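# Per-entry structural report
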Amino acid sequence: MNRAKPFCISKWDVWEAYKLVKANKGSAGVDGQSIAEFEEDVKDNLFKIWNRMSSGSYFPPPVRRVDIPKDNGKTRPLGIPTVADRIAQTVVKRYLEPILEEHFHPDSYGYRPGKSAKDAVGVARQRCWRYDWVLDLDIKGFFDNIDHDLLMQAVRKHTDCKWVLLYIERWLKAPAQLADGSLINRDKGTPQGGVVSPLLANLFLHYTFDVWMKKQNPLIPFERYADDGICHCRSKAEAERLRVAIEKRFAECGLELNLQKTKIVYCKEDGRRENYPEQKFDFLGFTFQPRRAKNRMGKLFVGFMPAISNKAKKSICDAMRRWKMHRQTDKSLDELARVVNPVLRGWINYYGSFYKSALYRVFQHLNNVLVRWASRKYKRLRRNNHRARQWLQGLFHRQPKLFAHWQLSQIKAGQ
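Notes on the structure follow. (Residues numbered from 1 in each chain as written. Predicted model: local features only at pLDDT ≥ 70, side-chain atom pairs only at ≥ 80, totals over all residues. Heavy atoms only, no water.)

Our focus in this paragraph is the overall build of the chain. Secondary structure summary: the chain contains 13 helices and 11 strands in total. Along the three orthogonal principal directions, the C-alpha set of the chain runs to about 80 × 60 × 40 Å. When the 415 residues of the chain are sorted by exposure, 48% land in the buried category. For the chain, the accessible area works out to roughly 22200 Å², and carbon and sulfur atoms hold 48% of it. Of the side-chain charges in the chain, 75 are positive and 44 negative, and the distance between the mean point of each set is 9 Å. (Helix = DSSP H or I, 4+ residues; strand = E, 2+ residues; numbered from the N terminus. Buried < 20%, exposed > 50% of the residue type's maximum accessible area, 1.4 Å probe, protein only. Areas by Shrake-Rupley, 256 points an atom, 1.4 Å probe, with all protein chains shown as cover. Lys, Arg positive; Asp, Glu negative; His and termini not counted. Charge placed at Lys NZ, Arg CZ, Asp CG, Glu CD.)

It is worth spelling out the nonpolar core at this point. With 65 residues, the main nonpolar core has Met53, Ile87, Trp163, Cys231 and Ile246 as its most contacted residues. Not counting residues up to four positions away in its chain, the partners in contact with Trp163 are Phe7, Cys8, Ile9, Met53, Val91, Val92 and Tyr95. Core analysis: the next-biggest nonpolar cluster, separate from the first, contains 58 residues, Val121, Leu344, Phe363 and Leu395 among them. (Core = buried A, V, L, I, M, F, W, Y, C linked by side-chain atoms within 4.5 Å. Contact = heavy atoms within 4.5 Å.)

On to a positive patch on the surface, then. A cluster of basic side chains, namely Lys70, Lys74, Arg76, Lys261 and Lys311, defines a positive patch on the protein surface. Tracing the backbone shows Lys74 in the loop between strand E1 (63-69) and strand E2 (75-80). (Patch = residues over 30% accessible without salt bridge, like charges linked within 9 Å, V, L, I, M, F, W, Y side chains within 5 Å. Salt bridge = Lys/Arg side-chain N within 4 Å of Asp/Glu carboxyl O.)

So, on to the pairing of strand E10 (residues 286-294). Two elements, strand E9 (residues 281-283) and E10, share three bridges in a ladder whose sense is antiparallel. What sits directly across from Asp282, in E10, is Thr287. Here E9 folds back onto E10, and the loop between the two strands holds two residues, one of which, Leu284, carries a positive phi near 55 degrees. One ladder, built from nine bridges, connects E10 with strand E11 (residues 300-308); its direction is antiparallel. Bridging across to E11, Lys294 finds its partner in Leu300. Connecting the antiparallel pair E10 and E11 is a turn made up of five residues, with Gly298 showing a positive phi of about 85 degrees. (Pairing = 2+ DSSP bridges.)

Here we take up the environment of Thr190. Turning to its location among the elements, Thr190 is positioned in the loop between strand E5 (183-184) and helix H8 (197-216). Those residues in contact with Thr190 that sit more than four places away from it in its chain are Phe143, Ile146, Leu172 and Ser197.

This paragraph deals with the sheet that holds E10. Spatially, the three strands line up as an open sheet ordered E9-E10-E11, and their pairing is antiparallel. Only two strands of the sheet have a single partner each, and these edge strands are E9 and E11. Between one strand and the next, the sheet's axes are offset by a mean angle of 50 degrees, whatever the strand orientation. (Axes fitted to C-alpha atoms, helices over the stretch in contact; angles between N-to-C directions.)

Now for unusual backbone geometry. Negative phi is the rule for most residues except glycine; trans is the rule for most peptide bonds. A positive phi is found at Ala226, a non-glycine position, where the angle reads about 55 degrees. Tracing the backbone shows Ala226 in the loop between strand E6 (222-225) and strand E7 (228-233). Ala226 sits in the buried class, given a relative accessible area of 7%. The residue Leu284 is not glycine, and still its phi comes out positive at about 55 degrees. Positionally, Leu284 belongs in the loop between E9 and E10.

With that out of the way, let us pick up the environment of Thr287. Within the element layout of this structure, Thr287 appears in strand E10. Separated by 22 residues in the primary sequence, Thr287 and Ser309 place their C-alpha atoms 4.7 Å from one another. Here Thr287 is in contact with Lys280, Phe281, Asp282, Met305, Pro306, Ala307, Ile308, Ser309 and Asn310, once residues within four sequence places are set aside. Within the structure, the side chain of Thr287 is placed 2.6 Å from the side chain of Asp282, a separation counted as a polar contact. (Polar contact = N/O pair within 3.5 Å; in protein donor to acceptor, adjacent residues only side chain to side chain.)

Right, here's the structure in full:
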């Protein structure tokens, strides 16, 4: 006798979710199963996910916890679900995201279709020209401190789909497994690394911050990318009042404003506040501060503008060091270029969107690495750094499109 499943989830939805997870790649979870291993019996594995989700018997396994080092010496916990669990979460995300999207605030940019960090930085730049003060917000341990009851209340406001509610609750309660195999139970928070976590985090801050700002401070614009946000104020006093109000609002919702990192910044280029201690801030990999630039007529002026931050520069240089290109003398330059160019283009497309000249020194490091590579590769260039640089300079003129960063107009190889 064929009995219908209690939940109506199509096999097609599971298949589409699988394709998205496969495209995103990612590490194995607590079961050690990679995407390639999952694909060895993909038909049966996908059927199991569909069967269990449709029958209500799907229980997510623990997430594998990995501690990612931060610049301040501390770590950020990352929760990695299994491949199968990422597919199950994607099924729920594909159902819920279109419902929530029509309600989200236009100045919420993080993890949303059709919006990006670059969009947020561009809007912030324009508003810094119109408002003299910025309140730069920092939430202490946001993802680890989301209140489950408040979050589920927000989810129920937008859907009564039983299987969506059931599985979100189970994911919120799923423990984290440490490297030694021990489990950490969770009564709050949603793990960074989960497929559905960014959507749930956005929903939580939608009501905690976005909707509250619209009601209580309708004349103060803001940009928010996940838990990273800035507010534009007309005066220092307004920014101070807002900081106190946000601190109180967050406390009501189980969050804490990090007062050591939250700061009020004067964001004008005219120098009237030379004695004010805070005249720059970081947002989404860019540092906003007064900078010299040329207008369309070629005249110099000073404007409050974003450029790649020192933290982002260090991150890029660290990544280039990990490539160890100078040791790969068994490869040709064409082979090296094919490997690194997609990454270089990604950096240029993002960080080169604003004040592109700030990238020049960053990529000088890569040019130096190429000089070292040439010195190791060719006997005639060994122990002659000047000649190696001349060789690279000549190569730049012959093949200016070989490496993506050479196409930045003022970057000259080896200089």
